[in-house]
Amino acid sequence: MKPMIQTKTWMILFAALLALLIAAALLVSHRGTGKIANVYQDGVCIRSIDLSAVTEAYSFTVTDGKGHENLIEVAPGQIRVAEANCPDHVCVHTGWISDGLRPIVCLPARLSIQLEDTAQSETEGLDAVIG
Amino acid sequence: MKVKRLIRMALCTAIALTIFMIEARIPALAPIPGMKLGLANIVTVWALFTLGPVDAAMILISRILLGSLFSGSMMSLLYSLSGGVLCFLLSLLLRRLVTEKQIWVVSILGAMAHNVGQLLAATAVMESWTVWYYAPVLMISGTLTGAFTGTAAQVLYLRLKKLRAIGREKP
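Residues numbered from 1 in each chain as written. Chains lettered and ligands numbered in written order. Predicted model: local features only at pLDDT ≥ 70, side-chain atom pairs only at ≥ 80, totals over all residues. Heavy atoms only, no water.

Enquirer: Tell me about the overall build of chain B, residues and numbers included.
Expert: The number of helices and strands found in chain B is 6 helices and 0 strands. Reading chain B from its N terminus to its C terminus gives the helix and strand order α-α-α-α-α-α. At 16 Å, chain B has a C-alpha radius of gyration in line with the 16 Å of a compact globule built from 171 residues. With the C-alpha coordinates aligned to their principal axes, the bounding extent of chain B is approximately 50 × 30 × 25 Å. Per-residue burial for chain B yields a buried fraction of 51% across its 171 residues. The long-range share in chain B, meaning contacts at least 24 apart out of those at least 6 apart in sequence, stands at 72%. For chain B, the separation between the mean place of its 16 positive charges and that of its 5 negative charges on side chains is 10 Å. (Helix = DSSP H or I, 4+ residues; strand = E, 2+ residues; numbered from the N terminus. Rg over C-alpha atoms; globule rule 2.2 N^0.38 Å. Buried < 20%, exposed > 50% of the residue type's maximum accessible area, 1.4 Å probe, protein only. Contact = heavy atoms within 4.5 Å. Lys, Arg positive; Asp, Glu negative; His and termini not counted. Charge placed at Lys NZ, Arg CZ, Asp CG, Glu CD.)

Enquirer: Tell me about the side chain of Ser68 of chain B, and please be specific about residues and values.
Expert: Residues and elements named next belong to chain B. The topology assignment puts Ser68 in helix H3 (residues 53–71). Classification of Ser68 as buried rests on a relative accessible area of 2%. Aside from chain neighbours lying at most four places away, what touches Ser68 is Phe20, Ser73, Met74, Ser76 and Leu77.

Enquirer: Describe the packing of helix H2 (residues 41–50) of chain B against helix H4 (residues 75–95) of chain B, naming the residues involved and giving the relevant values.
Expert: Residue and element names in this part refer to chain B. Taken N-terminus to C-terminus, the directions of H2 and H4 make an angle of 35 degrees; their axes are 11 Å apart at the nearest point. Once H2 is placed against H4, the crossing between them reads as right-handed. Facing Asn41, Thr44, Leu48 and Phe49 of H2, the residues of H4 in contact are Cys87, Phe88, Ser91, Leu92 and Arg95. Its residues assigned to classes, the contact of H2 with H4 shows 5 nonpolar, 3 polar and 1 charged. (Axes fitted to C-alpha atoms, helices over the stretch in contact; angles between N-to-C directions. Left-handed = near helix turned anticlockwise from the far one by under 90°. Nonpolar A, V, L, I, M, F, W, Y, C, P; charged D, E, K, R; others polar.)

Enquirer: A description of empty space enclosed by the protein should follow, citing residues and the corresponding values.
Expert: All chains considered together, the criterion is met by 3 cavities of 30 Å³ or more. In this structure, the largest cavity encloses a volume near 320 Å³. As for the largest cavity, its lining consists of 27 residues, of which Lys36, Leu37, Gly38, Asn41 and His114 of chain B are closest to the centre. Taken together, the elements giving at least two residues each to the lining of the largest cavity come down to helix H1 (2–25), H2, H3, H4, helix H5 (103–126) and helix H6 (135–163) of chain B. Of the residues assigned to the lining of the largest cavity, the class counts are 9 nonpolar, 15 polar and 3 charged. Taken as a whole, the second largest cavity holds about 70 Å³ of empty space. Around the second largest cavity, the lining residues are Leu107 of chain A together with Pro33, Gly34, Tyr79, Gln118, Leu119, Ala122, Val131, Tyr134 and Leu138 of chain B. The greatest single-element share of the lining of the second largest cavity, amounting to 3 residues, is contributed by H5 of chain B. (1 Å grid on protein atoms, 1.4 Å probe; cavity = no way out; pocket = protein on both sides within 12 Å on 5 of 7 lines; lining within 4 Å. Points joined across faces, edges and corners; volume = space filled by probe spheres on them.)

Enquirer: Give me the lowdown on the interface of chain B and chain A, citing residues and values where you can.
Expert: With 34 residues of chain B in contact, the opposing surface of chain A contributes 36 residues. Summed over both sides, the interface of chain B with chain A buries roughly 2900 Å², with 78% coming from carbon and sulfur. Our enumeration of links across chain B and chain A arrives at 0 salt bridges. In this assembly, chain B and chain A are joined by 5 residue pairs in polar contact (both at pLDDT 80 or more). For the side of chain B that touches chain A, the secondary structure elements donating two or more residues are H4, H5 and H6 of chain B. (Buried area = accessible area lost by both parts, 1.4 Å probe. Salt bridge = Lys/Arg side-chain N within 4 Å of Asp/Glu carboxyl O. Polar contact = N/O pair within 3.5 Å; in protein donor to acceptor, adjacent residues only side chain to side chain.)

Enquirer: Explain the pairing of strand S5 (residues 78–84) of chain A residue by residue, including any values.
Expert: All names here are of chain A. The sheet contact formed by strand S4 (residues 69–75) and S5 spans 6 bridges and is antiparallel. Counterpart to Glu73 in the pairing with S5 is Arg80. The loop that links S4 with its antiparallel partner S5 comprises 2 residues; one of these, Gly77, has a positive phi angle of about 80 degrees. (Pairing = 2+ DSSP bridges.)

Enquirer: So what about a nonpolar patch on the surface? Which residues, and what values?
Expert: All names here are of chain B. A cluster of nonpolar side chains, namely Ile61, Leu65, Val85, Leu89 and Leu92, defines an oily patch on the protein surface of about 360 Å² accessible area. A total of 3 residues in the nonpolar patch trace back to one element, the largest contributor, which is H4. Tracing the sequence through the fold places Val85 in helix H4. (Patch = residues over 30% accessible without salt bridge, like charges linked within 9 Å, V, L, I, M, F, W, Y side chains within 5 Å. Areas by Shrake-Rupley, 256 points an atom, 1.4 Å probe, with all protein chains shown as cover.)

Enquirer: Give me the sheet that holds strand S2 (residues 44–50) of chain A: which residues, what numbers.
Expert: Residues and elements named next belong to chain A. Overall, antiparallel pairing links the 4 strands, which are arranged S2-S1-S7-S6 in an open sheet. With partners counted over all chains shown, the strands left at the sheet margins are S2 and strand S6 (104–106), one partner each. Between one strand and the next, the sheet's axes are offset by a mean angle of 20 degrees, whatever the strand orientation. Both strand S1 (residues 36–41) and S2 contribute to a ladder of 6 bridges, which runs antiparallel. Opposite Asn38, over in S2, you have Ser48 as the bridge partner.

Interpretation in functional terms is not warranted from these geometric data alone.
Listed below in structure tokens is the structure:
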């Protein structure tokens, strides 16, 4: 059977695609310098914390009403999920984040923490930027 | 004939499920949501080329449903299902396009479709595009693991075909 697309063509295609993806991965890792941690649950920002204003470490728990619990630990300049009862623990393994490079994502609990330039929630006594 | 087909599908589901459960025990290399080896896809790809689309689809759906049930997280069912269905549909389209020595191509593109499906589901569930930050890394790993599982499926396909032990009965 004669191939409709040569194997060599596929290989070149995948190599090009891989190069493109690596470029994209490098590109997205170079954005964001935000210092305000926005905690999102189901797409809604439930808490905003200005990490540069934190002087003493503390922690709080986020529950989703479906049995998921994430213990979030805040320290000066950084934030992490310290404990979680989700099955994969990806959020815990992500560890501390201190820049806008990558978010903490917990898929089972539909929770994400992202460092941004503006606060998305009024909790924590921040001046929320609206509009 | 009908019983034989049923047993064959049940056997494939059991094999896929075993691989799936063992893989779930392997700790993740990097803390990236949704990243995995996808070894169970070897069974799906092989089934698609040997047993045909209907049988392969049934094996895939059974494996995903039972896998989520056994691993005890119903939330992951949504991600697995949307990824699995998208991957399967693309593989179905590509099936006619490749020769039996290019089965790995189907697996790579299938893995990428799986990633896109997962990310779409996560976007819908979390109502946020945050997860797409992981898209490039996820798809790089998808390309590599897809190439690996695809090659495995291709070798399996060619060798089992030589044995003529399993396959679709002639009508």
